[in-house]
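Structure assessment
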Amino acid sequence: MEDSRSARAALGVELARSAGEIARRWFDTSALAVESKQDGSPVTQADREIEQFIRAEVAQHYPDDSFLGEEFGETTGTSKYRWIVDPIDGTKSFVHGVPLYANLIALEEDGTIVAGVINLPSAEVLMHAERGKGCWKNGKQVHVSDKTELDGAYVMATWLEDWHPDSIVDLQSAGAVIRTWGDAYGYMMVASGQAEAIVDYTTQAYDLAPMPVIIEEAGGMFTSLDGVREINGGNGIASNGAVHDSVLKIVNQG
């Protein structure tokens, strides 16, 4: 059972590397066309090409697995495994030439996330984790920070438009440093001890899917803003664990 999971987890890492190669090719070209989806968010040929590639590879290796992707929806399989993919997390960064976009791949087993990958191809960072086997960044095991106070803690935000103004004031009054190094890059920073927390007020499941296992295997905590360990709550917060409740209390204002 574990070998089957681990084989899939290893495939996820390799697929993320290949996805990064596709993304870099588009990132470095001026020929990238950008369209708007119904919700107004951008989508590119790169998003679609990467997801189609990952879907095809998963279907070849594990045809009975389910698959959820941002661009082409869900395919239901018969096994206990489901792949959840965001081909390019941070598409706005991607199309504006900011190298903090990522390829996200997660593996779910019987409804629980058991493996995840954050690949930041242009930043040359690949982070992955499998349940019970630690969190790894470019081949080195990493851990969350040991800071216990908000004073001096770095709190990441994907954007500040949906933050309550009082939350910003209260965090800063407590000595926290707020930075908008968000999307998957912010979660990578928390997992590797470079920041203490990241808060996302507006998300989809594929934005967060790798985060529970990555953050927890690094020794931290991941929940929704309701304090529930889930990726379908429409929001999320990850931390080093020690500052989780303090940040959660402040950002739940309004």
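See above for the structure.
All of the points below concern the structure found in this document. If you're wondering where the values come from, they're calculated on a predicted model, not measured in any experiment.

Quick word on the pattern of salt bridges
Here the structure, examined in full by the defined rule, presents 13 salt bridges. Across the pair arginine 131 and glutamate 217 runs a salt bridge whose closest N-O atoms are separated by 3.7 Å. Linking arginine 131 in the loop between strand 8 (125–130) and strand 9 (135–137) with glutamate 217 in helix 7 (residues 211–217), this pair joins segments that are 86 residues apart in sequence. Residue arginine 131 is classed as partly exposed on the basis of its relative accessible area of 24%. Accessibility expressed as a relative area gives 17% for glutamate 217, which makes it buried. Connected through salt bridges with shared partners, the residues Arg131, Glu216, Glu217 and Arg229 form a single ionic network.

Concerning the sheet that holds strand 9
Taken in spatial order, the eight strands line up as 4-3-5-6-7-8-9-10 in an open sheet, and their pairing is mixed. Two strands in the sheet have a free side with no partner beyond their single neighbour: strand 4 (73–75) and strand 10 (140–141). Where strand 5 (residues 81–89) and strand 6 (residues 102–109) come together, seven bridges link them in antiparallel fashion. Across the sheet, aspartate 86 pairs through a bridge with leucine 104, a residue of strand 6. In the packing of helix 2 (residues 45–61) onto the sheet, the strands contacted are strand 3 (66–69), strand 4, strand 5 and strand 6, and the crossing angle to strand 5 comes to about 160°. Together, strand 5, strand 6, strand 7 (112–120), strand 8 and strand 9 form the strand contacts of helix 5 (residues 183–191), whose direction differs from that of strand 7 by roughly 105°.

Concerning the packing of aromatic side chains
Inspection of the entire model under this criterion finds four aromatic pairs. Pairing phenylalanine 27 with tyrosine 101 gives two aromatic rings, centres 5.0 Å apart and planes at 40°, and the pair type is tilted. Here the residue phenylalanine 27 occupies a position in helix 1 (residues 2–27), and tyrosine 101 occupies one in the loop between helix 3 (91–95) and strand 6, the gap between them amounting to 74 residues. Each member of the pair, phenylalanine 27 together with tyrosine 101, is buried. Judged by centre distance (4.8 Å) and plane angle (80°), the rings of phenylalanine 94 and tyrosine 101 are edge-to-face. Pair check on accessibility: phenylalanine 94 and tyrosine 101 agree, each one buried. Members of the aromatic cluster, joined through ring pairs, are Phe27, Phe94 and Tyr101. The ring of tyrosine 62 has arginine 8 sitting right over it, with the charged end atom 3.9 Å from the ring centre. Above the ring of tryptophan 159, the side-chain terminus of lysine 92 is found at 5.8 Å from the ring centroid.

Considering the sheet that holds strand 12 (residues 177–179)
Think of a sheet as strands paired side by side through backbone hydrogen bonds, with each pair either parallel or antiparallel. One open sheet accounts for five strands, arranged 12-11-13-15-14; its pairing is mixed. Whereas interior strands pair on both sides, the edge strands pair on one side only; in this sheet they are strand 12 and strand 14 (221–223). Neighbour-to-neighbour, the strand axes of the sheet open up by a mean angle of 15°, direction not taken into account. Note that strand 13 (residues 197–200) and strand 15 (residues 236–239) share four bridges and pair antiparallel. When the bridges of strand 15 are listed, valine 199 appears paired with isoleucine 237. Against the sheet, helix 8 (residues 244–251) touches strand 11 (154–157), strand 13, strand 14 and strand 15, its axis set at about 150° to strand 15.

Considering the pairing of strand 15
Here strand 15 shows two buried faces, one formed by Gly236 and Ala238 and the other by Ile237 and Ser239. Judged from the three bridges that link them, strand 14 and strand 15 form a sheet pairing that is antiparallel. Considered in strand 15, the bridge of phenylalanine 222 is made with alanine 238.

Parameters at a glance
- Residues numbered from 1 in each chain as written.
- Predicted model: local features only at pLDDT ≥ 70, side-chain atom pairs only at ≥ 80, totals over all residues.
- Heavy atoms only, no water.
- Salt bridge = Lys/Arg side-chain N within 4 Å of Asp/Glu carboxyl O.
- Helix = DSSP H or I, 4+ residues; strand = E, 2+ residues; numbered from the N terminus.
- Buried < 20%, exposed > 50% of the residue type's maximum accessible area, 1.4 Å probe, protein only.
- Pairing = 2+ DSSP bridges.
- Contact = heavy atoms within 4.5 Å.
- Axes fitted to C-alpha atoms, helices over the stretch in contact; angles between N-to-C directions.
- Phe/Tyr/Trp six-rings, centres within 6.5 Å; stacked < 30°, edge-to-face > 60°.
- Lys NZ or Arg CZ within 6 Å of the ring centre and 35° of its normal.

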